[in-house]
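Here are the chains, one letter per residue:
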Amino acid sequence: MSCPRVDAHLHFWRYSAEEYRWINDRMRALRRDFLPAQLAAELGASGVDGGVAVQARQTLEESAWLLELARESPFIWGVVGWVDLRSPCVDAQLDA
């Protein structure tokens with residue numbers, strides 16, 4: 001029995017120049033949407049079975065969106081999200 005192959009660092013986004021200011025002119029190829037449906041074929045072709053989605057922005061909304069993508073996409077096996085560890089609401093953020 002073989003072990004599953006995991007990509008431990010997947011990013012997803014709906015591209016917006018305002019939201020992804022870190023994507024500069026040298027990274028023009030990244031100025032487009034990257035969504036699970038597009039990645040599924042690439043994973044299959046490369047022999048990767050699943051992976052971990054990692055946040056690209058430091059927002060609670062992004063973390064919630066990645067968790068939703070994971071519920072909808074069986075090959076997203078985990079999520080590395082973001083919470084504001086300095087917030088007085090950190091406990092509620094982690095619970096969510």
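A quick note: this is a predicted structure, and the numbers were derived from the prediction, not measured.

Description of the overall build of the protein
For step 1, the next point in the chain: Within the protein, the secondary structure is distributed over three helices and three strands.
For step 2, the next point in the chain: For the protein, the sequential pattern of α-helices and β-strands runs β-α-β-α-β-α.
For step 3, the next point in the chain: Its C-alpha atoms give the protein principal-axis dimensions of roughly 45 × 40 × 20 Å.
For step 4, the next point in the chain: Looking at the protein as a whole, 29% of its 96 residues are labelled buried.
For step 5, the next point in the chain: Across the protein, every contact between residues at least 6 apart in sequence was considered, and the portion connecting residues at least 24 apart equals 60%.

Structural notes on the pattern of salt bridges
For step 1, the next point in the chain: Under the defined criterion, the tally for this structure stands at six salt bridges.
For step 2, the next point in the chain: For Glu19, the salt bridge identified is with Arg57, shortest N-O distance 2.4 Å. With a gap of 38 residues between them, Glu19 in the loop between β1 (6-10) and α1 (36-46) and Arg57 in the loop between β2 (50-54) and α2 (60-72) connect regions that are remote in the sequence.
For step 3, the next point in the chain: Among the ionic pairs, Arg57 bridges to Glu62, the shortest N-O distance being 2.6 Å.

Overview of the sheet that holds strand β3 (residues 76-80)
For step 1, the next point in the chain: Sheet architecture is open: three strands sit in the order β1-β2-β3, paired in parallel fashion. Each of the sheet's edge strands pairs with one partner strand only, and the pair in question is β1 and β3. Going from strand to strand, the sheet's axes swing by 20 degrees on average, the running direction of each strand aside.

Let's talk about the pairing of β1
For step 1, the next point in the chain: Pairing of β1 with β2, which is carried by three bridges, proceeds in the parallel orientation. Residue pairing across strands places Leu10 opposite Ala53, the latter belonging to β2.
For step 2, the next point in the chain: Chirality of the crossover, the property in question, places the unit of β1, α1 and β2 among those that are right-handed.

Analysis parameters
- Residues numbered from 1 in each chain as written.
- Predicted model: local features only at pLDDT ≥ 70, side-chain atom pairs only at ≥ 80, totals over all residues.
- Heavy atoms only, no water.
- Helix = DSSP H or I, 4+ residues; strand = E, 2+ residues; numbered from the N terminus.
- Buried < 20%, exposed > 50% of the residue type's maximum accessible area, 1.4 Å probe, protein only.
- Contact = heavy atoms within 4.5 Å.
- Salt bridge = Lys/Arg side-chain N within 4 Å of Asp/Glu carboxyl O.
- Pairing = 2+ DSSP bridges.
- Axes fitted to C-alpha atoms, helices over the stretch in contact; angles between N-to-C directions.
- Right-handed = clockwise from strand over helix to strand, strands pointing away.

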